Amino acid sequence: MARSPLQITRRSLADYLLGAGLAALAGTVFYPVLRYLIPPPVKEVTAGSVVAAKVGEMQPNSGKVFLFGGKPAILVRTPEGAYRAFSAVCTHLSCTVQYRAEIGHIWCACHDGHFDLNGHVLAGPPPRPLAAFGVTVKEDDIVVTRPA
Amino acid sequence: MSLGPWLEERLRWRAADQFLRHKTVPVVRHGYVYYFGGVTLFLFLIQVVTGLLLLMYYRPTADAAHDSVRFIMARVQFGWLVRSVHSWAANLMVFWVFAHMFGAFFLRAYRRPRELTWVSGALLLFLTLAFGFTGYLLPWNTLAFFATKVGTEIVGSVPLVGEPLLVLLRGGEDVTEATLSRFFGIHVAILPAITTLVLGLHLFLIQLHGMSQPQGRGPARALPFVPGFVLRESMAWLLVLGALAALAVLFPWPVGEKADLLAPAPAGIKPEWYFVFMFHTLKLIPAHVLGLEGERVGIVAFMLAAVVLLAVPFLERGEQPTRAARIARALGVLAALYIVGMTIVGYLAP
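First, a word on scope: everything that follows refers to the structure included in this document.

The rules behind the values
- Counting from 1, residues in each chain are numbered in the order their sequence is written.
- As a convention, the first chain written is A and the first ligand written is 1, with the rest following in written order.
- At least 70 in pLDDT is required for a residue's local features to be given in this predicted model, at least 80 for side-chain atom pairs to be given and counted, and no such filter applies to totals for whole chains, interfaces and linings, which use all residues.
- Where side-chain values are given, they derive from all heavy atoms of the structure, hydrogens and water being excluded.
- The numbering of helices and of strands both runs from the N terminus, where a helix is a DSSP run of H or I of at least 4 residues and a strand a run of E of at least 2.
- Radius of gyration here is computed from C-alpha atoms only, and the compact-globule reference equals 2.2 Å multiplied by the residue count raised to the power 0.38.
- Whether a residue is buried, partly exposed or exposed follows from its accessible area with a 1.4 Å probe, protein chains only, as a fraction of its type maximum: under 20%, in between, or over 50%, in that order.
- When two cysteine sulfur atoms are found within 2.5 Å, that pair is recorded as a disulfide.

## What about the overall build of chain A?
And then number 1: Along the backbone of chain A there are one helix and ten strands.
And then number 2: Going from N to C terminus, chain A has its helices and strands arranged as α-β-β-β-β-β-β-β-β-β-β.
And then number 3: Relative to the compact-globule value of 15 Å for 148 residues, chain A shows a C-alpha radius of gyration of 29 Å, a clear excess of over 25%.
And then number 4: Its C-alpha atoms give chain A principal-axis dimensions of about 100 × 35 × 25 Å.
And then number 5: Residues classed as buried in chain A amount to 29% of the 148 residues present.

Written out as structure tokens, the structure reads:
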């Protein structure tokens, strides 16, 4: 007698149970592996301020890259002698920018991105200005702070 | 053009398919021994996978090693599970390597033409112990530190080559960060590379010669490899996986205290269980034997035992069981009793 395709035989039930069991087993093995591969969140360094340099350390028209909360930041002393600080992470593809004294720009070498000393984009592919930080001089220290 | 013929033209996989269809396994008394090698292979595969996972977070420096293992155990999702499975599977694997070896020995599976299968298997036993020894140091805890000190010291007492070998292993005179780097490199690169080759040869030879038939009992019934043997073997793997999961979940492997290079060795320190029989033997040998240093005598004896193990198929030859085979069997039983007995005594002794 021909069986209709919808009819459940003992054999197809056993196959189904075996298949479901194996799928469940595979799930219990691979679920922890997938979760394991996702790294736990690293505690963001929430330091509100950092001493980026000492007074007198930087000549006018120069820049210095330092770490701020685990990420690179750049402190620029303008030709006029003022201090400015920005995130040094290029807004294009996250390269670290540098200060180029001869043209007075903050420059990203990866794709030739140019920023002025306010962090605004002058040329190149970066879509947004560099995030600006606050700079204060406390006695001997040049302190960079995160904007509130 | 469909995929099957396309692959066939390039891989000629149908030959392998035909081979597997015709492969059979003899049905014999004590046939369960035939599953031990597969169980060992399964545990080895688990070690490869969990080892690769641990590499994602482990950092092999004296400063960071212990903290990174703690990080895996405490912070990484299921990190405790992955590391505990790696540690437990390592122990189970050593056990099954020994079980597989004794099984093959008592079935006399090393007979012509399987001599090289036995030799490659003995090499895999040594490689497994080397994996255990080098991996033990990586968490950089107190026990691991002293185990490595003692273990490499034992290597250092080997006559003639011992001293340079010790410096080579430790990366200097003492166990330091240089030792950790070396053991890490040996554990995750050198041993896996060698093991891949030897294991490949071992498995190839098993396919080439088929399962060994025990002699003297006429033609055995044959079980088709696919699906009969494969299904039974996968049941064995499933049981091992269940046992492994239970052990790892119920007894997560401890991290221990970070190694302090200046602290004295803790009292009652013992090596891993699979080295206890050797450790205790060396303890029992008197300081001087026939005017020679007792420890060196013991070490040389163990090296000779290793050579004998490699040479088993060449020492006991012949197709049919003979007097030599009965002697070999008796010696095998004695060796097994010695290992088990010394392990127990080693644990009971203070």
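## Here we look at unusual backbone geometry
Across the chain, the bulk of peptide bonds are trans and the bulk of non-glycine residues have phi less than zero.
Residue and element names in this part refer to chain B.
And then number 1: Residue Pro113 is bonded to the preceding Arg112 through a cis peptide linkage, with omega at 5 degrees.
And then number 2: Tracing the sequence through the fold places Pro113 in the loop between helix H5 (79-106) and helix H6 (115-137).
And then number 3: Here the bond from Val226 into Pro227 is cis, since omega is 0 degrees, no more than 30 degrees from zero.
And then number 4: Mapped onto the fold, Pro227 is located in helix H10 (residues 225-250).
And then number 5: The backbone phi angle of Arg12 is positive, close to 50 degrees, even though this residue is not glycine.
And then number 6: Here Arg12 shows up in the loop between helix H1 (3-11) and helix H2 (13-22).

## Looking at the state of the cysteines
Residue and element names in this part refer to chain A.
And then number 1: Counted according to the given criterion, the structure contains one disulfide over all chains.
And then number 2: Through a disulfide, Cys95 is tied to Cys110; the S-S separation comes to 2.0 Å. Between Cys95 and Cys110 the sulfur-sulfur dihedral comes to about -100 degrees; the bridge is accordingly left-handed. With Cys95 in the loop between strand E4 (83-87) and strand E5 (98-100) and Cys110 in the loop between strand E6 (105-108) and strand E7 (113-115), this pair connects stretches of sequence that are 15 residues apart.

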